[in-house]
Amino acid sequence: MALKALDYDSLNENVKKCQYAVRGELYLRASELQKEGKKIIFTNVGNPHALGQKPLTFPRQVVALCQAPFLLEDPNVGMIFPADAIARARHYLSLTSGGLGAYSDSRGLPGVRKEVAEFIQRRDGYPSDPELIFLTDGASKGVMQILNCVIRGDGDGILVPVPQYPLYSATISLLGGTLVPYYLDESENWGLDVNNLRQSVAQARSKGISVRAMVIINPGNPTGQCLSEANLREILKFCYNEKLVLLGDEVYQQNIYQDERPFISSKKVLMDMGSPFSKEVQLVSFHTVSKGYWGECGQRGGYFEMTNIPPRVVEEIYKVASIALSPNVSAQIFMGLMVSPPKPGDISYDQFARESKGILESLRRRAKIMTDGFNSCKNVVCNFTEGAMYSFPQIRLPAGALQAAKQAGKVPDVFYCLKLLEATGISTVPGSGFGQKEGVFHLRTTILPAEEEMPEIMDSFKKFNDDFMTQYDNNFGYSRM
Ligand code: DCS
């Protein structure tokens, strides 16, 4: 019988190939167990509010007023909302053409794009042009739009770090491009070695692939490292020499848990390098309201900024964005608020500063509790989470466990993570979902569970892990480091 268009066997093969481990087998099993009444700790997604983080008050006040503009006409509004939130709500409504229920320009509201440009200029010390900033429904949509413009077919390669966040591998599959991996060095705190990059490009070219773009995730997901300025300079030089557009995923720029390597944007490093680099290297940088101390994942707000992209190409990207009409307008307001939060002297400043500092300081403590916890476990080694929201310990699996996994028909790290889930309710993502060197195993967990629950979670992890290692340790060796 002839297949219909949406029968499995006739489906676009790129869709079938595409994998997204963050909501993969482990997540599905965790959801089943939850339905059966088991308490599950969902550390598989960097989704802070789902793990109890409270929203910052000020942005919610402003957006609440924008959503319910009739409250602004209520004589009692000043008793519930502070004056600066009321003023901000009026400001953002004045930037829209009909409030939150109206489409905006497909690039986002010009007034918010201007605020984003001012933020970038304050952050980097270099001018930023609102015309080169597009607002998006989360950073994910921006990444997809740009990859869509870059990938022409399977002859086009995109350099992606391994381990990587699977948005990249999945989108490249979906668009029919080729992922060209470059390996981060675990023994160097997940550093990026440019010689390694050169090898990856040479290898891809020898297979006839035209390498067109390079992705960096800084701070790293799942690896949690912060790139140094010197490293970023090398990367930008590399992109200059190889004529690659650099996609700088900087969604974790506020999530920094050490003082030695503060976040520095690719744009600033590029501008500091001066001519010819600053005028030539093509760069697209991404940011979001989902991360940082905002964690407003469900609002779906993001932006990208383009540097050295020719006007005709910007026009084409605009055209493609227009097909979806408009990014979420309420999310655009979250973005406006994120890039221009209350300032010292504003009525809401103290509360805003207290709330955001409280979240960041707690994340910093949690990053340490987690790394230390993992490093106290048998056959587990873990680099410190310098930034972002994840811990990515290496699990050295005994030969007995590798054999048991094989018998169960599971990839070894999936086997380990499933056992962990069944025993403790901790839902993680196996390292194979992010890519890792052959024969080396990891898991990813977020550092987001509530701080007061953290010691208990780590105790329960340790007990499971150490029992697992004893059970499978038959003295026939381990997976390699
Ligand atoms: N880039 C990176 C590196 C991310 O980790 C994420 C989300 C995104 C982009 C996209 O975020 P938004 O579309 O929400 O802006 N991280 C996922 C993760 O690994 N866990 O949770 C979500």
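Everything numeric in this text was worked out from a predicted model, so none of it was measured.

### Concerning the pattern of salt bridges
Consideration 1: Applying the stated criterion across every chain yields a total of 23 salt bridges.
Consideration 2: We note a salt bridge from Glu422 to Arg29, for which the minimum N-O separation is 2.8 Å. Taken together, the residues span a long stretch of sequence, with Glu422 in helix H17 (residues 412-424) and Arg29 in helix H2 (residues 25-35) at a distance of 393 residues.
Consideration 3: Since its relative accessible area comes to 37%, Glu422 is described here as partly exposed.
Consideration 4: Looking at Arg29, the relative accessible area reads 23%, which means it is partly exposed.

### Let's talk about the UniProt feature "domain: Aminotransferase class I/classII large" (unreviewed entry) in the protein chain
Consideration 1: Those places that UniProt annotates as "domain: Aminotransferase class I/classII large" (unreviewed entry) correspond, in this numbering, to residues 88-459.
Consideration 2: Helix and strand shares over residues 88-459 are 44% and 15% respectively, and the end C-alpha atoms of the span are 46 Å apart.

### Side note on the layout of surface pockets
Consideration 1: By volume, the largest pocket is sized at about 620 Å³.
Consideration 2: Lining the largest pocket we find 30 residues, and of these Tyr20, Ser140, Tyr165, Lys291 and Arg300 sit closest to its centre.
Consideration 3: Among the elements of the structure, helix H7 (138-150) and helix H8 (167-174) are those that each provide at least two residues to the lining of the largest pocket.
Consideration 4: Sorting elements by how many residues they give to the lining of the largest pocket places H7 first, with five residues.
Consideration 5: Its boundaries defined by the atoms lining it, the second largest pocket holds a volume of some 440 Å³.
Consideration 6: Taken together, 18 residues line the second largest pocket, and the ones lying closest to its centre are Arg212, Leu244, Val245, Gln282 and Ile309.
Consideration 7: Counting residues per element, the ones that place at least two in the lining of the second largest pocket are H7, helix H10 (229-242) and helix H13 (311-323).
Consideration 8: Residue composition of the lining of the second largest pocket, by class: 13 nonpolar, one polar and four charged.

### Considering the nonpolar core
Consideration 1: By size, the foremost hydrophobic cluster in this structure holds 141 residues, and its most contacted members are Leu159, Met214 and Tyr416.
Consideration 2: Looking at which element gives the most residues to this core, the answer is helix H18 (residues 454-472), with eight residues.

### Thoughts on the site of the ligand
Consideration 1: Near the ligand you find 17 residues, and of these Ser140, Asp249, Tyr252, Thr288 and Ser290 are the closest.
Consideration 2: One of the side-chain nitrogen or oxygen atoms of Ser140 is found 2.4 Å away from an oxygen atom of the ligand.
Consideration 3: Arg300 places a side-chain nitrogen or oxygen 2.7 Å from an oxygen atom of the ligand.
Consideration 4: Protein contacts shield 95% of the accessible area of the ligand, which totals 500 Å² for the unbound molecule.
Consideration 5: More than half of the atoms of the ligand fall within 2 Å of the grid points belonging to the largest pocket.
Consideration 6: Among the elements that line the shell around the ligand, the one with the most residues is H7, at three residues.
Consideration 7: A breakdown of the residues in the shell around the ligand according to their chemical character gives seven nonpolar, six polar and four charged.

### Notes on the sheet that holds strand S10 (residues 390-391)
What links the strands of a sheet is backbone hydrogen bonding, and the strands pair in either a parallel or an antiparallel sense.
Consideration 1: Strand order across the open sheet formed by three strands is S10-S14-S13, with antiparallel pairing between neighbours. Strands at the two margins of the open sheet, each flanked by one partner only, are S10 and strand S13 (429-430).
Consideration 2: Both S13 and strand S14 (residues 443-446) contribute to a ladder of two bridges, which runs antiparallel. Looking at S14, one finds that Val429 is bridged to Arg444.
Consideration 3: In the packing of helix H15 (residues 349-375) onto the sheet, the strands contacted are S10 and S14, and the crossing angle to S14 comes to about 150°.

Cut-off values and rules
- Residues numbered from 1 in each chain as written.
- Predicted model: local features only at pLDDT ≥ 70, side-chain atom pairs only at ≥ 80, totals over all residues.
- Heavy atoms only, no water.
- Salt bridge = Lys/Arg side-chain N within 4 Å of Asp/Glu carboxyl O.
- Helix = DSSP H or I, 4+ residues; strand = E, 2+ residues; numbered from the N terminus.
- Buried < 20%, exposed > 50% of the residue type's maximum accessible area, 1.4 Å probe, protein only.
- UniProt positions renumbered as here; feature names shortened; annotations may be inferred.
- 1 Å grid on protein atoms, 1.4 Å probe; cavity = no way out; pocket = protein on both sides within 12 Å on 5 of 7 lines; lining within 4 Å.
- Points joined across faces, edges and corners; volume = space filled by probe spheres on them.
- Nonpolar A, V, L, I, M, F, W, Y, C, P; charged D, E, K, R; others polar.
- Core = buried A, V, L, I, M, F, W, Y, C linked by side-chain atoms within 4.5 Å.
- Near = heavy atom within 4 Å.
- Polar contact = N/O pair within 3.5 Å; in protein donor to acceptor, adjacent residues only side chain to side chain.
- Areas by Shrake-Rupley, 256 points an atom, 1.4 Å probe, with all protein chains shown as cover.
- Sits in = over half its atoms within 2 Å of the grid points.
- Pairing = 2+ DSSP bridges.
- Contact = heavy atoms within 4.5 Å.
- Axes fitted to C-alpha atoms, helices over the stretch in contact; angles between N-to-C directions.

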